[in-house]
Amino acid sequence: MVPSAVHRHRGDMLRQLAAASYRHRRLTLLIWVAAVVGISFAASASGGEFASNGRLPGTDSDRAYELLLRESPGDNNIEGDIVRVVFADPAGLADAGVAARIDGFLDRVDAMPSVLSSPRRVTDLHLSADGDVGVATIALAKNDEGVVDQLLEQRAALAADGTTVEYGGYRFQNGGVPTTEVFGLLAAVVILLISFGSLVAAGLPIVTALFGIAIGLGGVQLWSAAVDTPDFTVQVASMVGLGVGIDYALFIVTRYREALRRTGDPFAATMEAIDTAGRAVVFAGVTVMISLLGMLLMGLSFLNGLALGTSSAVMVAVLAAVTLLPASLGFVGRNIDRLSIHRRDERAGESGWHRWSRFVQRHPVACAVAGLGLLGALVVPAFAMRFASADAGNDPRSSTTRAAYDTLADGFGAGYNGPLLVVARLDGDPSAAEGLAGAIAATPGVAAIDDVYTVPAGRIAVITVVPTTGPQDERTAALVHQLRTDVIPASGVVAHVGGQTAGDVDFAEQMSSRLPIFIGAVLLLSFLLLMVVFRSLLVPLKAVLLNLLSIGAAYGVLVAVFQWGWLGWIVGVEEGAPIEPWAPMMLFAIVFGLSMDYEVFLLSSVKERVDRGESNSQAVVEGLASTARVITAAAAIMVCVFGTFVLGDLRAIKLIGLGLAVAVLLDATVVRMVLVPATMELLGDRNWWLPRRLGRMLPHVHVSDPPMPVAPVRALVEVR
């Protein structure tokens, strides 16, 4: 007869799942291996493609595109990637020898199977006023990566004769982070070895995370076949999946080792780890998924795949932590500390974290003021943040895209790198296009009207406008607004301002206007979840405010380094430029979820002790001491994983990598180790205050259960 306590616990789905995984560990492992193979096969067969750009419905730039597509579909039938080829020669491109070399180059390019369209002669190029610089536009097939290498090889012969050839376009931006996952895994291995002192214990989180990443990335590929998915989703999902996968397994393995030393029973230790750390993992994973799915509120279709793909990777990491990891613990058993590389001091008593927590509690006001002052000072630059898409002028000086940008700026002016396309409806009046072009040319900030093209049907005209300033310049954005609000309406012509530069302006404005909605929704949902779990008003309020403050501090660091250029040389940033519009959203979505992980693990440990009858002060001391080491190790892994992004060549990759690393570092140190214990000491028992009427309305959800006695747990595994 199984004790009644066991019957009660058998009703818990999480415990049942973990117990079944432990008992049937070989089957569990086989299911995970089959899942990796099956999802990988399905992903490769799905035919999904990643999107390199997206539409902005409702914007003026999108209306320009729609008008051009509707009235002149034949002019928009090239499905490839547009690339600019920039030629320069001090002898002048009209020189007979130079022209012959360029003509031969263009012939070879046009003969490439993956080149969809290309000019054939120098006379087809657009030349600068002095004739030293020329530019051509070609279209490349999207699915042929080899054509990029072929084009780079073709320019070598011209360079030897003094004619330089550079390429502009994202296909030539060599900005990926080389072997990011490898760097992150190496850092994780070192930190886990230091933390656990055992190859076996350190290996379990790594193996669990790798299984999760393999399935999570296959899921991203499947999502790309169903919804618009940005081409950088794989990197983001692997980064987040690796981080949370290791973190979640780290927390559970740590609790397992503690329980095993006390009980000596591997199954009982596994169940205790799931009852405590496992529950916290599930809840923390839900908060991360809510934060990531909040990107759906941005209302931009091409972000849907990013939200779904990354949140799916987190879900898989949670499933791996509560199924694959218990199965792995079943294989390892009492050998968790085998292959030790050093002996850890396991003696009971006051640790350094006990002493630190008591120090904070003795000086709560001073610690709170110091922590808030530091974060507040870092937040200040964030109020000067300017959203805009950084142009190729920020690429590394050694890159061909940067050389192409600089050459065009020298030959035609900075604005030639980001022309505006004004699409005008003629309504049977061909002269309307010339009149509008004249009005635009007279507008301050316009360098030239490069072209006025009337489509063959004669219903619309496309006016190419060259600004005096570069694509990322504030004055270019102001010009876009002036054309839309003043110049075009005054002309009486129905027209829309489009093109890449105008689209970037619209994108920045959409992101900045919807960011508060996104942040507010995530904060509200997280507050409600924390309130239900910890049955308190002040604890969740403090948690979301402190997390928001730490992310704001990371925003401030990004502005200081990337927008103002302070200490930019340390991370390889040569000059200041605006902040990418998507970066604050992505930074918030990822970091807020991760910081809530650490908050949940810390507070669940504190709440567990409060529920046992310990005083608030003692519960905070013991809760911090029991979780500080593992939170520090988890945060160190995250900082290293995110920090590897700073090694990338592209400014945008450096930006998101530094922002994530700084945010996690601040959260795990200033917030988690200083502000949380200081504020909880100041609030005392008020931390756990909840109005009675509200308490009766809220469901009872326990983020951790007290450990079961060893005998009933053993009965659970023996009874079928």
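Values in this document were obtained by computation on a predicted structure and should not be read as measured data.

A.B. asks: Can you break down the overall build of the protein residue by residue, with the values?
C.D. replies: When helices and strands are tallied, the protein shows 23 helices and nine strands. The C-alpha radius of gyration computed for the protein amounts to 30 Å, which stays within 12% of the reference 27 Å derived for 720 residues, consistent with globular compactness. The proportion of buried residues among the 720 residues of the protein is 55%. When contacts within the protein are restricted to residue pairs at least 6 apart in sequence, long-range pairs at least 24 apart make up 79% of them. Here the protein has roughly 29,400 Å² of accessible surface; of this, 61% comes from carbon and sulfur atoms. Within the protein, one finds 53 positive and 65 negative side-chain charges whose respective centroids are separated by 17 Å.

A.B. asks: Break down the environment of Trp688 for me, citing the residues and quoting the values.
C.D. replies: Locating Trp688 in the fold gives a position in the loop between α21 (651–683) and α22 (692–697). Given a relative accessible area of 16%, Trp688 falls into the buried group. With 72 residues separating them in the primary sequence, Trp688 and Asn616 have C-alpha atoms 9.1 Å apart. Within the structure, Trp688 has its side chain in polar contact with the side chain of Asn616 (distance 3.2 Å).

A.B. asks: Which residues make up the packing of helix α10 (residues 266–293) against helix α11 (residues 304–332), and what values do they have?
C.D. replies: In contact at an axis separation of 8 Å, α10 and α11 are set at 175° when each is read in the N-to-C sense. As far as their axial angle goes, α11 and α10 are roughly antiparallel. Counting all contacts with α10, which are made through Thr270, Ile274, Gly278, Val281, Val282, Gly285, Val288, Met289, Leu292 and Leu293, the residues of α11 involved are Ala307, Leu308, Thr310, Ser311, Val314, Met315, Val318, Ala321, Val322, Pro326 and Leu329. Class assignment for the residues of the contact of α10 with α11 results in 16 nonpolar, five polar and no charged.

A.B. asks: Any chance you could break down the confidence of the model for the protein for me, citing the residues and the numbers?
C.D. replies: Detailed reading of the predicted coordinates is not advisable wherever pLDDT falls low. Of the residues in the protein, 90% have a pLDDT of 70 or more, and the chain-wide mean is 85. Element-level pLDDT for the protein is lowest in helix α1 (residues 4–10), with a mean of 40, against a maximum mean of 96 in helix α13 (residues 364–379). Segment residues 1–11: pLDDT under 50, and 12 contacts once partners within four positions in sequence are set aside and those in other chains are kept. This stretch, residues 710–720, has a pLDDT under 50; its non-local contacts, to residues over four places away or in other chains, come to 21 contacts.

A.B. asks: Give me the sheet that holds strand β7 (residues 446–454): which residues, what numbers.
C.D. replies: Pairing within the open sheet is antiparallel, and its four strands lie in the order β7-β8-β6-β9. In this open sheet, the two edge strands, each paired with only one partner strand, are β7 and β9 (494–498). Ignoring strand direction, the axes of neighbouring strands in this sheet form an average angle of 20°. One ladder, built from seven bridges, connects β7 with strand β8 (residues 460–467); its direction is antiparallel.

A.B. asks: Before we move on, could you go through the packing of aromatic side chains and cite the residues and values that matter?
C.D. replies: Counted according to the given criterion, the structure contains nine aromatic pairs. Each ring, one from Tyr22 and one from Phe267, has its centre 4.9 Å from the other, and the planes form 70°; the classification is edge-to-face. With Tyr22 in helix α2 (residues 13–23) and Phe267 in helix α10, this residue pair connects regions lying 245 residues apart in the sequence. For the pair shown, Tyr22 and Phe267 are each scored as buried. With 5.5 Å between their ring centres and 85° between their planes, Phe87 and Phe105 make a pair best called edge-to-face.

A.B. asks: Pulling in residues and values, what's your account of the environment of Leu306?
C.D. replies: Among the structural elements, Leu306 can be located in helix α11. By relative accessible area, Leu306 is classed as buried at 0%. Separated by 83 residues in sequence, Leu306 and Trp223 place their C-alpha atoms 9.0 Å apart. Apart from the residues within four sequence positions on either side, Leu306 is in contact with Thr229, Pro230, Phe232, Thr233, Val236, Met295 and Met586.

A.B. asks: Can you tell me about the pattern of salt bridges, naming the residues and giving the values?
C.D. replies: Per the stated rule, a full pass over the model turns up 23 salt bridges. Among the ionic pairs, Glu166 bridges to Arg155, the shortest N-O distance being 2.8 Å. Residue Glu166 is located in strand β5 (residues 164–168), and its partner Arg155 is located in helix α6 (residues 146–160); the two are separated by 11 residues in the primary sequence. Residue classification places Glu166 among the buried positions, given a relative accessible area of 16%. Judged by its relative accessible area of 24%, Arg155 falls in the partly exposed class. Put simply, Arg255, Arg262, Glu272, Glu608, Arg612 and Glu614 are held in one network by salt bridges that share partners.

A.B. asks: Give a detailed account of the pairing of β9, specifying residues and quantitative values.
C.D. replies: When you tally the buried positions in β9, you get four out of five residues, the bulk of the element. Across five bridges, strand β6 (residues 420–425) lies against β9 in antiparallel orientation. In the strand pairing of β9, Val422 is matched with Val497.

A.B. asks: With reference to specific residues and values, describe the side chain of Thr163.
C.D. replies: As for its placement among the helices and strands, Thr163 is situated in the loop between α6 and β5. Overall, Thr163 belongs to the buried group, its relative accessible area being 0%. Here Arg101 takes part through its side chain, which lies 3.3 Å from a polar atom of the side chain of Thr163. If we skip the residues at most four places from it in the chain, Thr163 touches Ala88, Asp89, Val98, Arg101, Ile102 and Leu158.

A.B. asks: So what's going on with unusual backbone geometry? Which residues, and what values?
C.D. replies: Even without being glycine, Arg535 reaches a positive phi, approximately 45°. Under the relative-accessibility criterion, Arg535 is labelled buried at 19%. At Leu567, a position not held by glycine, the phi torsion is positive, near 55°. By secondary structure assignment, the location of Leu567 is in the loop between α18 (538–563) and α19 (583–611). Looking at Leu567, the relative accessible area reads 54%, which means it is exposed.

A.B. asks: Could you give an account of the nonpolar core, with specific residues and numbers?
C.D. replies: Counting 149 residues, the largest nonpolar core has Tyr248, Phe518, Ile590 and Phe642 as the members making the most contacts within it. Those residues within four positions of Phe642 in sequence are excluded, and the remaining contacts are Met239, Ile590, Leu594, Gly657, Leu660, Ala661 and Val664. Counting 24 residues, the second-largest nonpolar core is a separate cluster that includes Ala99, Ile102, Leu106 and Val148.

A.B. asks: Could you give an account of helix α14 (residues 400–412), naming the residues involved and the relevant values?
C.D. replies: For α14, which comprises 13 residues, the first-to-last C-alpha distance of 18 Å matches the rise-based estimate of 18 Å (1.5 Å per residue) to within 8%. Taken together, the buried positions of α14 are occupied by Thr400, Thr401, Arg402, Ala403, Ala404, Tyr405, Thr407, Leu408 and Phe412. Summarising the contacts, the buried residues of α14 are in contact with β1 (81–88), β3 (126–127), β4 (133–140), α6 and β5.

A.B. asks: Hey, could you go over the environment of Ile579 for me, with residue numbers and the actual values?
C.D. replies: Here Ile579 is to be found in the loop between α18 and α19. Not counting the four nearest positions on each side in its chain, Ile579 is found in contact with Met385, Arg386, Phe387, Ala388, Leu558, Val559, Phe562, Gln563, Pro584, Arg651 and Leu655.

A.B. asks: For a nonpolar patch on the surface, give the residues involved together with the corresponding values.
C.D. replies: A cluster of nonpolar side chains, contributed by Trp564, Trp566, Leu567, Trp569 and Ile570, occupies part of the molecular surface with about 660 Å² of accessible area. By secondary structure assignment, the location of Trp569 is in the loop between α18 and α19.

Parameters and conventions
Residues numbered from 1 in each chain as written. Predicted model: local features only at pLDDT ≥ 70, side-chain atom pairs only at ≥ 80, totals over all residues. Heavy atoms only, no water. Helix = DSSP H or I, 4+ residues; strand = E, 2+ residues; numbered from the N terminus. Rg over C-alpha atoms; globule rule 2.2 N^0.38 Å. Buried < 20%, exposed > 50% of the residue type's maximum accessible area, 1.4 Å probe, protein only. Contact = heavy atoms within 4.5 Å. Areas by Shrake-Rupley, 256 points an atom, 1.4 Å probe, with all protein chains shown as cover. Lys, Arg positive; Asp, Glu negative; His and termini not counted. Charge placed at Lys NZ, Arg CZ, Asp CG, Glu CD. Polar contact = N/O pair within 3.5 Å; in protein donor to acceptor, adjacent residues only side chain to side chain. Axes fitted to C-alpha atoms, helices over the stretch in contact; angles between N-to-C directions. Parallel < 35°, antiparallel > 145°, perpendicular 65-115°, else oblique. Nonpolar A, V, L, I, M, F, W, Y, C, P; charged D, E, K, R; others polar. pLDDT = per-residue confidence, 0-100. Pairing = 2+ DSSP bridges. Phe/Tyr/Trp six-rings, centres within 6.5 Å; stacked < 30°, edge-to-face > 60°. Salt bridge = Lys/Arg side-chain N within 4 Å of Asp/Glu carboxyl O. Core = buried A, V, L, I, M, F, W, Y, C linked by side-chain atoms within 4.5 Å. Expected span 1.5 Å × (residues − 1). Patch = residues over 30% accessible without salt bridge, like charges linked within 9 Å, V, L, I, M, F, W, Y side chains within 5 Å.

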